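Residue strings, one per chain:
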Amino acid sequence: MSTEQTTTSERSGFTAPVVATYGNADPTAPLVVLLHGRGSTEREILSLAPHLPPALAYAAVRAPIAEGGGFAWFANRGIGRPVANSIAATMDWFRGWLDEVAPEGRPVFLVGFSGGAALAGGLVLSDPSRYAGAAILYGTLPFDAGIRLEPGRLSNLPVFVAQGDADQVIPRELLDRTWDYLLDESGAPTVARRDPSGHGITSNTLHGLSDWLADRVAHVSVAAPAAVGAPVELDRHGAP
């Protein structure tokens, strides 16, 4: 069962967030924030939640900028290339909401698809210690948008990244740059998969994401330190 809510505060000139929720209603349960793609809505990405670990709390946030029949997180300079001031304003707005629902001590995982992946990437790059992990699904990190991407920036932050070999939406240059940064320079312990698919979440990716979340939450629940080491790359079928 899901619920939808708004908050009363406004930040960065945007109206209060619209949030659809699912799963565990315990306000201390690990929180998975689902971030939809450009032109979509929070309801569409919330449909992933029933296929993910049931013990978690899920919140799908509606992006603040109306676009077509849906919403967007930021203005673009081109596909996958956020305008720096625009993504900065959205991140500020998002953090205002997050600080209300997930105060310090509550584990937060970000799961972003397409444009939502760029926002998730920007958020963890701007404040890596705030998050317990991030999934970058069929999207790019926000390169050249005033966000820090130096080597080792995501050390100890678990990351799950998934891409489609036949993705015709996100420029291949940006997908490859994201892949290379996460699996090399970032320092993040990364689980990565590429499928022979286009710009959409496959069933194999959804299963992989569910397993990754379950594993990460198990680590959080026993208060284990974040893993340190070389990234783990999976083949197209999810095998090590």
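Procedures and definitions
- Residues numbered from 1 in each chain as written.
- Predicted model: local features only at pLDDT ≥ 70, side-chain atom pairs only at ≥ 80, totals over all residues.
- Heavy atoms only, no water.
- UniProt positions renumbered as here; feature names shortened; annotations may be inferred.
- Buried < 20%, exposed > 50% of the residue type's maximum accessible area, 1.4 Å probe, protein only.
- Helix = DSSP H or I, 4+ residues; strand = E, 2+ residues; numbered from the N terminus.
- Pairing = 2+ DSSP bridges.
- Right-handed = clockwise from strand over helix to strand, strands pointing away.
- Expected span 1.5 Å × (residues − 1).
- Salt bridge = Lys/Arg side-chain N within 4 Å of Asp/Glu carboxyl O.
- Core = buried A, V, L, I, M, F, W, Y, C linked by side-chain atoms within 4.5 Å.
- Contact = heavy atoms within 4.5 Å.
- Phe/Tyr/Trp six-rings, centres within 6.5 Å; stacked < 30°, edge-to-face > 60°.
- Lys NZ or Arg CZ within 6 Å of the ring centre and 35° of its normal.

The chain goes by Serine esterase in an unreviewed UniProt entry, where it is assigned to Pedococcus sp. KACC 23699. What UniProt states about the chain under its Sequence similarities (unreviewed entry) heading is, verbatim, "Belongs to the AB hydrolase superfamily. AB hydrolase 2 family."

### What to know about the pairing of strand β10 (residues 133–137)
The element β10 is largely enclosed, with a buried count of five among its five residues. Residues Gly-133, Ala-135 and Leu-137 of β10 are buried on one face, and the alternating residues Ala-134 and Ile-136, pointing to the opposite face, are buried as well. The pairing of strand β9 (residues 108–113) with β10 spans five bridges and is parallel. Each residue of the ladder has a partner; that of Phe-109, found in β10, is Gly-133. Traced from β9 through helix α3 (residues 115–126) to β10, the parallel crossover comes out right-handed. As defined by bridge partners, β10 adjoins strand β11 (residues 159–164) across four bridges and the pair is classed as parallel. When the sheet's bridge partners are listed, Leu-137 is paired in β11 with Ala-162.

### Some words on the pairing of β9
Within a regular beta strand, the side chains point alternately toward one face of the sheet and then the other, so they alternate between its two faces. Counting buried residues in β9 gives six out of six residues, a clear majority hidden from the surface. Here β9 shows a buried face lined by Val-108, Leu-110 and Gly-112 and a second buried face lined by Phe-109, Val-111 and Phe-113. Of the strand pairs in this sheet, strand β3 (residues 31–35) and β9 are connected by five bridges, and their pairing is parallel. Bridge pairing in β9 places Val-33 opposite Leu-110.

### Examining unusual backbone geometry
Look at Tyr-138: it is not a glycine, yet its phi comes out positive at around 50°. Among the structural elements, Tyr-138 can be located in the loop between β10 and β11. Residue classification places Tyr-138 among the buried positions, given a relative accessible area of 0%. Positive phi is not limited to glycine here, since Asn-156 has a value of about 75°. By secondary structure assignment, the location of Asn-156 is in the loop between β10 and β11.

### What about helix α4 (residues 172–185)?
Taking 1.5 Å of rise per residue, 14 residues should cover 20 Å, and α4 covers 19 Å from first to last C-alpha, within 8% of that figure. Positive backbone phi, at 85°, marks Gly-187, one or two positions downstream of α4.

### Some thoughts on the pattern of salt bridges
Under the criterion given, the structure shown has 10 salt bridges. For Asp-195, the salt bridge identified is with Arg-193, shortest N-O distance 2.7 Å. The exposure class of Asp-195 is buried, given its relative accessible area of 3%. With its nearest N and O atoms 3.6 Å apart, the salt bridge here joins Arg-216 to Asp-215. Classification of Arg-216 as buried rests on a relative accessible area of 10%.

### Details of the nonpolar core
Formed by 50 residues in total, the largest nonpolar core has its most connected members in Val-33, Phe-94, Leu-98, Leu-110, Tyr-131 and Leu-182. Elements with a contribution of two residues or more to this core: β3, β4 (57–61), α2 (84–101), β9, α3, β10, β11 and α4. If one sorts the elements of this core by residue count, α3 sits on top with seven residues. Look past the residues within four positions of Leu-98 in its chain and what remains in contact with it is Leu-31, Val-33, Pro-103, Val-108, Arg-130 and Tyr-131. If you look at the next biggest cluster of nonpolar residues, it comprises 25 residues, including Ala-49, Leu-52, Tyr-58 and Leu-213.

### Comments concerning the environment of Ala-20
Note that Ala-20 resides in strand β2 (residues 18–23). With 22 residues separating them along the chain, Ala-20 and Glu-42 place their C-alpha atoms 6.5 Å apart.

### Let's talk about the packing of aromatic side chains
Within a pair of aromatic rings, the relevant descriptors are the distance that separates the centres and the angle that separates the planes. As enumerated under the stated definition, the model contains five aromatic pairs in all. On the numbers, 5.5 Å between centres and 55° between planes, the contact of Phe-94 with Trp-97 is tilted. Of the two residues, Phe-94 and Trp-97 both sit in helix α2, three residues apart, roughly one turn of that helix. A ring pair is formed by Phe-160 and Trp-212, whose centres lie 6.0 Å apart and whose planes are at 40°; its orientation type is tilted. One end of the pair, Phe-160, is in strand β11; the other, Trp-212, is in helix α5 (residues 203–221), and 52 residues separate them in sequence. You can call Phe-160 buried: its relative accessible area is 1%. Taken together, Phe-109, Phe-160 and Trp-212 form an aromatic cluster joined through their ring pairs. Just above the ring of Trp-179 sits the side chain of Arg-194; from NZ or CZ to the centre is 4.0 Å.

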